[in-house]
Amino acid sequence: MTTLVTGCRGRIGSTLVSLLHRDGHAVRAASRTPERLAATADAPPAGVPVVACDLGDPATFGAALDGIDSVFLYAAPSGIDAFLATAETAGVSHIVLLSSSSVLAPDAQENPIASSHHAVERAVIASPLTTTLLRPGSFMSNAFQWAQSVRDHGSVDLPHPNSHSSPIHATDIAEAALAALAEPRLQGAAYHLTGPESLTAAEQIGLLAAASGRPITVNTVTGAAWKESVAAFMPGPVADGLLAYAATLDGVPDEVTSDVEKLTGHPARTFAAWAEENAAAFRP
């Protein structure tokens, strides 16, 4: 049994490749730019083959999927129909899809953040392949968006500092994927993956301050001011979607599930632990 892991330049994909290799599973690492993957800190372990696979380019699918039994797949909608057709022809039997808990929202089909994941979920579920859906919520690594401001000013500007989320560690997602790929009894289901606790943005920043050993001020700003500050790297509709989502959870605890433990056998990692691991990014 050989598993193709897509998106291996990302933290989840690269971690999953290492975990599969560690446990003796045959694995093939895929990236849109495999030549760049080999030169990064997240390069696959020695002996793991690397293949080109651009999820928006069907011409790369055949070679990537040849001889593959299962796939860890990122949710890229543009080439999904061709990918599934090629996978079926190649004899793939199981797909673990990295989706998003945003698909659980009532407006998932129209929501700019959820719609692409929703479209890929529908396509994969409609295929004859066994499908396991991983639906993580907010990633702990999203906190890196505050690092530059913390280093430069010792502060963070937020439109909704009391908005909750239950952020999850990337390693927990990779370990959940490993379990779903390795254990037939876990396959064919949907899992809502969260961290172990609901935290406000201000509480997360407090934990970063404790881990980095420096005070961090939280400044409340208007939604318009925040949107302007992220305009250089975030499309307007996405920023609007994030603002609307944060507003709905302002002062409202986010859902916390036990699905990480159900899949991995251990509780989800805490944000405090993530802050300790990454404290250097928040120091001058």
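Residues numbered from 1 in each chain as written. Predicted model: local features only at pLDDT ≥ 70, side-chain atom pairs only at ≥ 80, totals over all residues. Heavy atoms only, no water.

Here's the deal with the overall build of the chain
Along its length, the chain carries 12 helices and 11 strands. Taking 19 Å as the expected radius of gyration for a compact globule of 284 residues, we find that the chain reaches 19 Å, a close match to that expectation. If you line up the chain on its principal axes, its C-alpha atoms span 55 × 40 × 35 Å. Across the 284 residues of the chain, 48% fall into the buried class. Of all intrachain contacts in the chain linking residues separated by at least 6 positions in sequence, the fraction that spans at least 24 positions is 72%. (Helix = DSSP H or I, 4+ residues; strand = E, 2+ residues; numbered from the N terminus. Rg over C-alpha atoms; globule rule 2.2 N^0.38 Å. Buried < 20%, exposed > 50% of the residue type's maximum accessible area, 1.4 Å probe, protein only. Contact = heavy atoms within 4.5 Å.)

Here we look at the packing of aromatic side chains
Counting across every chain of the model gives 6 aromatic pairs. Centre to centre, the rings of phenylalanine 144 and phenylalanine 282 are 6.2 Å apart; their planes meet at 10 degrees, and the pair counts as stacked. With a gap of 138 residues between them, phenylalanine 144 in the loop between β6 (130–136) and α6 (147–153) and phenylalanine 282 in the segment after α12 (271–277) connect regions that are remote in the sequence. Taking the relative accessible area as the measure of exposure, phenylalanine 144 reaches 37% and is therefore partly exposed. Pairwise contacts between aromatic rings join Phe144, Phe271, Trp274 and Phe282 into one cluster. (Phe/Tyr/Trp six-rings, centres within 6.5 Å; stacked < 30°, edge-to-face > 60°.)

Some words on the environment of aspartate 250
Mapped onto the fold, aspartate 250 is located in the loop between α10 (236–248) and α11 (259–264). Residues aspartate 250 and alanine 52, 198 residues apart in the sequence, show an inter-C-alpha distance of 43 Å. Excluding its chain neighbours within four sequence positions, the residues that come into contact with aspartate 250 are His160, Asn162 and Ser163.

So, the packing of helix α1 (residues 11–22) against helix α7 (residues 170–182)
Running from N to C, α1 and α7 point in directions that differ by 45 degrees, and their axes come no closer than 9 Å. Relative to α7, α1 is oriented oblique. The handedness of the crossing between α1 and α7 is right-handed. Here Arg11, Ile12, Thr15, Leu16, Leu19, Leu20 and Arg22 of α1 come into contact with α7, specifically with Ala170, Ile173, Ala174, Glu175, Ala177, Leu178 and Leu181. (Axes fitted to C-alpha atoms, helices over the stretch in contact; angles between N-to-C directions. Parallel < 35°, antiparallel > 145°, perpendicular 65-115°, else oblique. Left-handed = near helix turned anticlockwise from the far one by under 90°.)

Some words on the nonpolar core
Counting 31 residues, the largest nonpolar core has Val5, Leu16, Phe72, Leu134, Leu193 and Leu263 as the members making the most contacts within it. Listing elements by their share of this core, those giving two or more residues are α1, β2 (26–31), β5 (94–98), α7, β9 (190–193) and α11. Ranked by residue count, the leading element in this core is α7, at 9 residues. Apart from residues lying up to four places away in sequence, valine 5 is in contact with Gly13, Leu16, Val17, Leu20, Val27, Arg28, Ala29, Ala30 and Phe72. Listed in part, the 24 residues of the second largest apolar core include Val51, Leu65, Ile68 and Phe83. (Core = buried A, V, L, I, M, F, W, Y, C linked by side-chain atoms within 4.5 Å.)

A word on the pattern of salt bridges
Within the structure shown, the criterion is met by 7 salt bridges. When salt bridges that share partners are traced, they join Asp172, Glu175 and Arg269 into one network. (Salt bridge = Lys/Arg side-chain N within 4 Å of Asp/Glu carboxyl O.)

A look at helix α5 (residues 115–126)
With 12 residues, α5 extends 17 Å from end C-alpha to end C-alpha; this agrees with the ideal 16 Å at 1.5 Å per step. All of the buried residues along α5 are His117, His118, Val120, Glu121, Ala123 and Val124. Here the buried face of α5 lies against α4 (80–90), β5 and β6. (Expected span 1.5 Å × (residues − 1).)

Regarding the packing of α4 against α5
Where α4 contacts α5, the two axes come as close as 10 Å, and the packing angle between them is 25 degrees. The angle between the axes of α4 and α5 places the two elements in the roughly parallel class. Judged by the twist between their axes, the crossing of α4 over α5 is right-handed. Residues Ile80, Asp81 and Leu84 of α4 form the contact with α5, whose own contacting residues are Val120, Ala123 and Val124. Residues belonging to the contact of α4 with α5 are distributed by class as follows: 5 nonpolar, no polar and 1 charged. (Nonpolar A, V, L, I, M, F, W, Y, C, P; charged D, E, K, R; others polar.)

Concerning the sheet that holds β9
Within a sheet, each strand pairs with its neighbour through backbone hydrogen bonds, oriented either parallel or antiparallel. Across the sheet, which stays open at both edges, the 7 strands sit in the order β3-β2-β1-β4-β5-β6-β9 with parallel pairing between neighbours. Either end of the sheet is taken by a strand with one partner, and the two such strands are β3 (50–52) and β9. The average angle at which neighbouring strand axes cross in this sheet is 20 degrees, direction not considered. Where strand β1 (residues 2–5) and β2 come together, 4 bridges link them in parallel fashion. (Pairing = 2+ DSSP bridges.)

Considerations on the state of the cysteines
Tallying each qualifying case throughout the model produces 0 disulfides. Cysteine 8 supplies the cysteine sulfur nearest to cysteine 53, a cysteine that is in no disulfide, at a spacing of 9.8 Å. (Disulfide = S-S within 2.5 Å.)

Brief notes about helix α8 (residues 201–212)
A rise of 1.5 Å per residue sets the reference length of α8, with its 12 residues, at 16 Å; its end C-alpha atoms lie 16 Å apart and thus fit the reference within 8%. Of all the positions in α8, only Ala201, Gln204, Ile205, Leu208, Ala209, Ala211 and Ser212 are classed as buried. Around the axis of α8, the buried residues are gathered within 165 degrees of arc, so they sit on the same side. In this structure, the buried side of α8 is in contact with β7 (155–158), β8 (164–165), β10 (199–200), β11 (217–220) and α12. Just beyond α8, the residue with positive phi is glycine 213, at close to 75 degrees. (Arc of directions from axis to C-beta.)

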